[in-house]
Amino acid sequence: MPASGAVTRNTLRQQIADALRDEVLAGRLQPGEEFTVKQIAEQYGVSATPVREALVDLCAQGLLDSDQHRGFRVHQYSIADYRDMVEARMLVVDGIFRRHAPATVPPEPDHNLGVALVSIRRRGEAAARAARAGDLDILIGYDIRYWRELGRLVSANDHIADFLHRLRVQAWVFSVPYLRSERDVLGWLWSGHVELVDAITRGDAEAAVQVVRDYNAHSLEWADRLEARAR
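Residues numbered from 1 in each chain as written. Predicted model: local features only at pLDDT ≥ 70, side-chain atom pairs only at ≥ 80, totals over all residues. Heavy atoms only, no water.

Enquirer: Quick one: what's the story with the overall build of the protein chain, residue by residue and with numbers?
Expert: Regarding its fold elements, the protein chain presents 9 helices and 3 strands. The linear arrangement of helices and strands in the protein chain, starting from the amino end, is α-β-α-α-β-β-α-α-α-α-α-α. Radius of gyration (C-alpha) of the protein chain: 19 Å, near the 17 Å computed for a compact globule of 231 residues. Going through the 231 residues of the protein chain one by one, you find that 42% of them count as buried. Long-range pairs, those at least 24 residues apart, make up 71% of the contacts in the protein chain with a sequence separation of at least 6. (Helix = DSSP H or I, 4+ residues; strand = E, 2+ residues; numbered from the N terminus. Rg over C-alpha atoms; globule rule 2.2 N^0.38 Å. Buried < 20%, exposed > 50% of the residue type's maximum accessible area, 1.4 Å probe, protein only. Contact = heavy atoms within 4.5 Å.)

Enquirer: So, the packing of helix H2 (residues 37-44) against helix H3 (residues 48-60): which residues are in play, and what are the values?
Expert: The geometry of H2 relative to H3 is characterised by a closest axis approach of 9 Å and an angle of 115° between their N-to-C directions. Of the two elements, H2 crosses H3, and the hand of that crossing is right-handed. Contact residues: H2 offers Val37, Ile40 and Ala41, while H3 offers Ala48, Val51, Arg52 and Leu55. Across the contact of H2 with H3, the residue classes tally to 6 nonpolar, no polar and 1 charged. (Axes fitted to C-alpha atoms, helices over the stretch in contact; angles between N-to-C directions. Left-handed = near helix turned anticlockwise from the far one by under 90°. Nonpolar A, V, L, I, M, F, W, Y, C, P; charged D, E, K, R; others polar.)

Enquirer: Before we move on, can you summarise the packing of aromatic side chains with the specific residues and values?
Expert: Scanning the model with the defined rule gives 9 aromatic pairs in all. Their ring planes at 85° and their centres at 5.6 Å tell us that tyrosine 82 and tryptophan 222 sit as a pair that is edge-to-face. Of this pair, tyrosine 82 sits in helix H4 (residues 79-100) while tryptophan 222 is found in helix H9 (residues 205-230), placing the two residues 140 residues apart along the sequence. With a centroid separation of 5.9 Å and 35° between ring planes, the pair formed by tryptophan 147 and tryptophan 190 is classed as tilted. A residue pair is termed long-range when its members are at least 10 positions apart, and tryptophan 147 in helix H6 (residues 136-155) and tryptophan 190 in the loop between helix H7 (158-181) and helix H8 (193-202) qualify at 43 residues. (Phe/Tyr/Trp six-rings, centres within 6.5 Å; stacked < 30°, edge-to-face > 60°.)

Enquirer: Can you explain the pairing of strand E3 (residues 71-74)? Please cite residues and give values.
Expert: One ladder, built from 2 bridges, connects strand E1 (residues 34-35) with E3; its direction is antiparallel. Looking at E3, one finds that glutamate 34 is bridged to arginine 73. Pairing of strand E2 (residues 64-67) with E3 involves 4 bridges; the strand directions are antiparallel. Bridged to aspartate 65 within E3 is arginine 73. Between E2 and E3, which pair antiparallel and follow one another directly, the connecting turn spans 3 residues. (Pairing = 2+ DSSP bridges.)

Enquirer: Give a detailed account of the packing of H6 against H7, specifying residues and quantitative values.
Expert: Two quantities define a packed helix pair, namely the angle between the helix axes and the distance between the axes. The geometry of H6 relative to H7 is characterised by a closest axis approach of 9 Å and an angle of 160° between their N-to-C directions. With respect to H7, the element H6 is oriented roughly antiparallel. The element H6 and its partner H7 pack so that their crossing is right-handed. Taking contact as the criterion, the partners of Leu136, Asp137, Leu139, Ile140, Asp143, Ile144, Trp147, Arg148, Gly151, Arg152 and Ser155 in H6 are, on H7, Asp158, Ile160, Ala161, Asp162, His165, Arg168, Val169, Trp172, Val176, Leu179 and Arg180. Residues belonging to the contact of H6 with H7 are distributed by class as follows: 11 nonpolar, 3 polar and 8 charged. (Parallel < 35°, antiparallel > 145°, perpendicular 65-115°, else oblique.)

Enquirer: Any details on the pattern of salt bridges? Residues and values, ideally.
Expert: For the structure on display, the rule yields 21 salt bridges. Of the charged contacts, one joins arginine 152 and aspartate 162 as a salt bridge, the two residues approaching to 2.8 Å between their closest N and O atoms. In this pair, arginine 152 sits in helix H6 while aspartate 162 sits in helix H7, placing the two residues 10 residues apart along the sequence. By relative accessible area, which is 28% here, aspartate 162 ends up partly exposed. What emerges from the salt-bridge pattern is a single network uniting Arg148, Arg152, Asp158 and Asp162. (Salt bridge = Lys/Arg side-chain N within 4 Å of Asp/Glu carboxyl O.)

Enquirer: Outline the sheet that holds E2, supporting the account with residue identities and numerical values.
Expert: Taken in spatial order, the 3 strands line up as E1-E3-E2 in an open sheet, and their pairing is antiparallel. This sheet does not close on itself; its edge strands, each paired only once, are E1 and E2.

Enquirer: Please give an account of H2 that cites residues and values.
Expert: Every buried residue belonging to H2 is among Val37, Ile40 and Ala41, and all of these are buried. In a view along the axis of H2, the buried residues occupy a sector of 100°, so they form one face of it. In H2, those exposed residues whose orientation departs by more than 90 degrees from the buried face are Lys38, Glu42 and Gln43. At the exit of H2 stands glycine 45, carrying a positive phi of roughly 65°. (Arc of directions from axis to C-beta.)

Enquirer: I'd like a description of the confidence of the model for the protein chain, backed by residues and values.
Expert: With 90% of its residues at a pLDDT of 70 or more, the protein chain has an overall mean of 88. Below pLDDT 50 for its whole length, residues 1-7 participates in 1 contact with residues either more than four positions away or in separate chains. Note on residues 102-110: pLDDT under 50 across the span, and 19 contacts to partners over four residues away in sequence or across chains. (pLDDT = per-residue confidence, 0-100.)

Okay, structure coming up:
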């Protein structure tokens, strides 16, 4: 068993990593923004060790870049990076729903799969409401949890689920600065969460695949618009 001090440090490390990730997702830490271990340690009132470990973890997740002489900075994804994320997501999710879509299961409280689907649907409802209202802060939190739980349920493979979760966070990190400057943000926020989980609940793999394909096409269309605007 690890010493209690190690447990405390690891917990603090995760808390700092989560807090910084949320700062990036909220747009309070902008792409390219630089900071040091000392600055973050002073901001949170903690020692340098768990901060350094948290920043290294975020680098491994692709959210930060490390510079030996200047500290750390928020990673800046390009539109091409975003396209690659969407295409990778498309290939993996399409395969998951074709091979692992669960059979029709009534959401009875005593059935584990049914209970999981009901929980995911509730998150999906909250995410969809936030998308229709244009509330990015609420949407991002629910959307990330929705897709993480759904990925674990339908893939039955933690490695695949973790990969998709990492892509989801990275895609939001790219999207947030652009979406916050969009005049018509409602037109670009996907709200098909409930439609997707309902298709899975029915055991309708074809419908689930189509929802995901439409979503990815919508994402690529948005990337096209960003490219056109940048010319």
